[in-house]
Amino acid sequence: MARILTGIQSTNVPHLGNILGAILPGIELANAPGNEAFFFIADLHSLTTVHEPEVLMENTYATAAAWLACGFDTEKGFFYRQSDIPEVTELMWFLTCFFPFSRLELAHSYKDKVEKLGSVSSGLVFYPMLMAADILLYDANIVPVGKDQLQHLEFTRDVAERINARFGSDTFVIPEARIDEHVQIVPGIYKDEAGNFTKMSKSYGNTINIFEDDKKLRKRVNGIQTDNTSIELAKDPDTCIVYRLYSMIASTEQTASLREAYLRPGMGYGWAKEQLYLALIERFGDAREKYHFYMGNKKELDLKLQEGAEKAGTIAYEVLCRMRSKLGYKKLAYFGGEV
Ligand code: ADP
Ligand code: TRP
């Protein structure tokens, strides 16, 4: 049996890139026989950049609603808010004491943020250690992540190996990153200055929020950047964002037929965008409905997250106590531990 674990920060409403690149592949892995899934909302990580409680809370609900709307069956796995499991911050402290500070300062994600933002909080330096705690606390085997998270997984393995070398290999399970090469990078709705596709990312303001109402969604799709080839001329599908996005969500047949339309003179980009809009509605119609159901029934979300926290908490408690006893600390007294 493999334990699959991944987290998504709650810094905003998950966009099409997050859904195609992380949520749907995660759910597929969760449904594979023999796998056990741990999906959580990394709302403590979000605190490194978001300081408004209302924004944090709303985005936590939005992220939870997106997982459920896309079909994650919480009965089959573990679904929880990171901040509901206090063990994670204690474990993080233990990990930081076994990991060189110099490596954290040199982490790509940290250096990027410092470059972009100038001054950053100490939380950002320790971000990878909190992520390592997220993973090690549940004895996870496989962590599906995007390429940008690979270094964080290396740190996780490194700190776990250091601790295992000191206290025995039964202390932590060494996790593996799972980078799915089949999962394509979803492009954002604008190209960069050189005319290349850019990654859809909340940091670039180039996202599509599939949960937006029809009117706003259509407007966003209409705002996708295209070239100015006139309607009478054939167009190049392979350099067009509209076509690329369409190919990621429509069927092979639908994609082939849009391709033909591009290659035939007479197709306007307005029409292609309408096809993309319709394909989004068709593919995500059900998810959109469920998302709004959950966002209108936050009590239901709270209930699911609460149940998830109780289930996940039992494992977190066991693993933290295992580490505590290796370090010579007492078992935690709650949940019936020895005092
Ligand atoms: P963002 O770039 O919007 O900040 P995150 O870094 O929070 O997104 O990513 C959350 C998850 O979604 C990660 O697993 C990441 O690999 C995936 N992801 C984000 N953007 C894309 C994209 N454009 N295409 C495919 N996957 C993506
Ligand atoms: N840092 C991850 C990201 O930005 C989110 C995350 C937090 C995570 N904890 C994790 C991912 C544990 C996998 C496992 O995408």
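Anyway, here's the lowdown on the structure attached to this text. Keep in mind that this is a model prediction, so the values were computed, not measured.

## Overview of the overall build of the chain
Reasoning step 1: Along the backbone of the chain there are 13 helices and seven strands.
Reasoning step 2: Radius of gyration (C-alpha) of the chain: 22 Å, near the 20 Å computed for a compact globule of 339 residues.
Reasoning step 3: In terms of its C-alpha atoms, the chain occupies a principal-axis envelope of roughly 80 × 40 × 40 Å.
Reasoning step 4: Within the chain, the proportion of its 339 residues that are buried is 48%.
Reasoning step 5: In the chain, once contacts between residues fewer than 6 apart in sequence are set aside, the share between residues at least 24 apart is 74%.

## Details of the packing of helix α3 (residues 53–69) against helix α13 (residues 298–327)
Reasoning step 1: Across the interface, α3 lies against α13 with an axial gap of 10 Å and an inter-helix angle of 80°. As judged from the angle between their axes, α3 and α13 are roughly perpendicular. Counting all contacts with α3, which are made through Glu-58, Tyr-61, Ala-64, Ala-65 and Leu-68, the residues of α13 involved are Lys-298, Leu-301, Asp-302, Lys-304 and Leu-305.

## Structural notes on the site of ligand 2
Reasoning step 1: Of all residues adjacent to ligand 2, which total 14 residues, the nearest are Gln-9, Tyr-127, Met-131, Asp-134 and Gln-149.
Reasoning step 2: Here Asp-134 contributes a side-chain N or O atom positioned 2.7 Å from a nitrogen atom of ligand 2.
Reasoning step 3: Notes on ligand 2: free accessible area 360 Å², of which the protein chains cover 88%.
Reasoning step 4: The set of elements that each furnish at least two residues to the shell around ligand 2 consists of β1 (2–9), β2 (35–42) and α7 (122–136).
Reasoning step 5: Grouping the amino acids of the shell around ligand 2 by side-chain chemistry returns eight nonpolar, five polar and one charged.

## A closer look at unusual backbone geometry
Note: most residues except glycine have negative phi, and most peptide bonds are trans.
Reasoning step 1: Even without being glycine, Asp-139 reaches a positive phi, approximately 50°.
Reasoning step 2: Position of Asp-139 among the secondary structure elements: in the loop between α7 and β4 (142–144).

## Topic: the site of ligand 1
Reasoning step 1: In the region of ligand 1, 13 residues are neighbours, and His-15, Val-186, Met-200, Ser-201 and Lys-202 sit closest.
Reasoning step 2: Gly-17 places a polar main-chain atom, nitrogen or oxygen, 3.2 Å from a nitrogen atom of ligand 1.
Reasoning step 3: Within the side chain of Ser-201, one N or O atom sits 2.9 Å away from an oxygen atom of ligand 1.
Reasoning step 4: When the free accessible area of ligand 1 is taken as 540 Å², the share hidden by the protein chains comes to 86%.
Reasoning step 5: Looking at side-chain class alone, the shell around ligand 1 contains four nonpolar, seven polar and two charged residues.

## Some details on the side chain of Asn-206
Reasoning step 1: Along the chain, the position of Asn-206 falls in the loop between β7 (197–199) and α9 (214–222).
Reasoning step 2: A polar side-chain atom of Asn-206 sits 3.0 Å from the main-chain carbonyl oxygen of Lys-199.
Reasoning step 3: A distance of 2.9 Å separates the side chain of Asn-206 from the backbone nitrogen of Ser-201, its partner in a polar contact.
Reasoning step 4: Residue contacts for Asn-206: discarding those within four places in its chain leaves Gly-188, Ile-189, Tyr-190, Thr-198, Lys-199, Met-200, Ser-201 and Arg-220.

Definitions and limits used
Residue numbers restart at each chain and count upward from 1, following the sequence in its written direction. Chain A is the first chain written and ligand 1 is the first ligand written, with later ones labelled in order. pLDDT decides what is reported in this predicted model: residues at 70 or higher carry local features, side-chain atom pairs at 80 or more are listed and counted, and totals for whole chains, interfaces and linings draw on all residues regardless. To obtain the side-chain values, all non-hydrogen atoms of the structure were included, while hydrogens and water were left out. Starting at the N terminus, helices and strands are each numbered in turn, a helix being any DSSP run of H or I of at least four residues and a strand any DSSP run of E of at least two. Each radius of gyration is computed over the set of C-alpha atoms, and the globule rule expresses the reference value as 2.2 Å times the number of residues to the power 0.38. Only protein chains enter the calculation, and the probe is 1.4 Å; a residue is then buried if its accessible area is under 20% of its type maximum, exposed if over 50%, and partly exposed in between. In what follows, residue pairs with any heavy atoms lying within 4.5 Å of each other are defined as contacts. Where helices are involved, their axes are fitted lines through C-alpha atoms of the stretch in contact, as for all axes, and angles between N-to-C directions lie from 0 to 180°. Orientation is classified from the angle alone, with under 35 degrees giving roughly parallel, over 145 giving roughly antiparallel, 65 to 115 giving roughly perpendicular, and any other angle giving oblique. The near set for a molecule or strand comprises every residue that places at least one heavy atom within 4 Å of it. Polar contact is the term for a pair of N or O atoms within 3.5 Å; when the atoms are in protein, one must be able to donate a hydrogen and the other to accept it, and sequence-neighboring residues count only if both atoms are side-chain atoms. Each accessible area is a Shrake-Rupley estimate made with a 1.4 Å probe; only the visible protein chains count as cover when residues are assessed. Note that Gly is not counted as nonpolar here; it falls among the polar residues with everything else outside the nonpolar set of Ala, Val, Leu, Ile, Met, Phe, Trp, Tyr, Cys and Pro and the charged set of Asp, Glu, Lys and Arg.

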